[in-house]
Amino acid sequence: PTKGWYAFIIEVIFSMFLCLAVQILCDKKLSNANPTIAGTIVGVMVYTTALSIGQLSGGVINPAIAVGLIVGKTIFKDTNIDQLYYSGLYFIAPFVGGILAHIFYYDIFRIGEPNFAEKKMAEVVEGSQAEKQPLLAQQATA
């Protein structure tokens, strides 16, 4: 696998995409997807992620998978310093990706906020009515 920040950034980005996909598919306001289809979509995403970044960073976008691989490697092979280097990558990067997905989902896009579209429409309508009030007052006095 690629060492350094490249592998870390790749793991963060793909972990973020996976978390966003799961959040959007599980949100009843955004998706009426059948649970079978939602699970299939997440599975296909994990599969394509493993194919696309497997050679670059190892493709471990889930810390649980990293634990299994590290424990298995420790039991059946000798442990070396590279394993500890990659374990830091595989534990920290998915958590950073999950935090970024949360920020994108709730804070930037405000997808998960209840009635966000209705609130925005109400603000637009109130703003346009507030702009019309002085015009109507001027027309009434003229």
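Each chain has its residues counted from 1, following the order in which its sequence is written. The predicted nature of this model means local features are confined to residues of pLDDT at least 70 and side-chain atom pairs, given and counted, to a pLDDT of 80 or more, with totals for whole chains, interfaces and linings taken over all residues. The side-chain numbers reported here are obtained from all heavy atoms of the structure, hydrogens and water having been left aside.

Undergrad: How should a nonpolar patch on the surface be read in this particular structure?
TA: A cluster of nonpolar side chains, Ile99, Leu100, Ile103, Ile108 and Phe109, forms an exposed patch at the surface whose accessible area comes to about 440 Å². Secondary structure elements are taken from DSSP: a helix is a run of H or I of four residues or more, a strand is a run of E of two residues or more, and numbering for both begins at the N terminus. Topologically, Phe109 is positioned in the loop between helix H4 (81-108) and helix H5 (116-141). To count toward a patch, a residue needs a relative accessible area over 30% and no salt bridge; like charges are then connected within 9 Å, while nonpolar side chains (Val, Leu, Ile, Met, Phe, Trp, Tyr) are connected within 5 Å. Method for areas: the Shrake-Rupley scheme with a 1.4 Å probe, in which residue coverage is limited to the protein chains shown. Think of a salt bridge as a Lys or Arg side-chain nitrogen and an Asp or Glu carboxyl oxygen that are within 4 Å of each other.

Undergrad: What's the story with the confidence of the model for the protein chain in this structure? I'm lost.
TA: Low-confidence regions, as indicated by low pLDDT, have predicted coordinates that should not be scrutinised in detail. In predicted models, pLDDT denotes the confidence assigned by the predictor to each residue on a 0 to 100 scale. Confidence along the protein chain averages 76 in pLDDT terms, with 68% of residues attaining 70 or more. Least confident of the elements in the protein chain is H5, whose mean pLDDT is 61; most confident is helix H1 (residues 5-26), at 88.

Undergrad: Hey, could you run me through the environment of Asn62 in this one?
TA: You can see Asn62 is positioned in the loop between helix H2 (35-57) and helix H3 (63-76). Measuring from C-alpha to C-alpha, the distance between Asn62 and Ala93 comes to 9.2 Å, with 31 residues separating the pair along the chain. Here the side chain of Asn62 touches Ala64 through a polar contact of 3.0 Å, landing on its backbone nitrogen. Polar contacts, as counted here, are pairs of nitrogen or oxygen atoms within 3.5 Å of one another; within protein the pair requires one atom able to donate a hydrogen and one able to accept it, and residues that are adjacent in sequence qualify only if both atoms are side-chain atoms.

Undergrad: So what exactly am I meant to see when it comes to the side chain of Ser57 here?
TA: Tracing the chain through its elements places Ser57 in helix H2. Among the polar contacts made by the side chain of Ser57, one reaches the main-chain amide nitrogen of Gly59 at a distance of 3.5 Å.

Undergrad: Would you take a moment to explain the nonpolar core for this structure?
TA: In globular proteins that are soluble, nonpolar side chains generally tend to be buried together. In terms of nonpolar packing, the biggest core is built from 8 residues, these being Ala7, Phe8, Val12, Val60, Ala66, Leu89, Tyr90 and Ala93. Secondary structure elements with two or more residues in this core: H1 and H4. We define a nonpolar core as any set of buried Ala, Val, Leu, Ile, Met, Phe, Trp, Tyr and Cys residues linked to one another through side-chain atoms lying within 4.5 Å. Residue exposure (1.4 Å probe, protein chains only): buried if accessible area is under 20% of the type maximum, exposed if over 50%, otherwise partly exposed.

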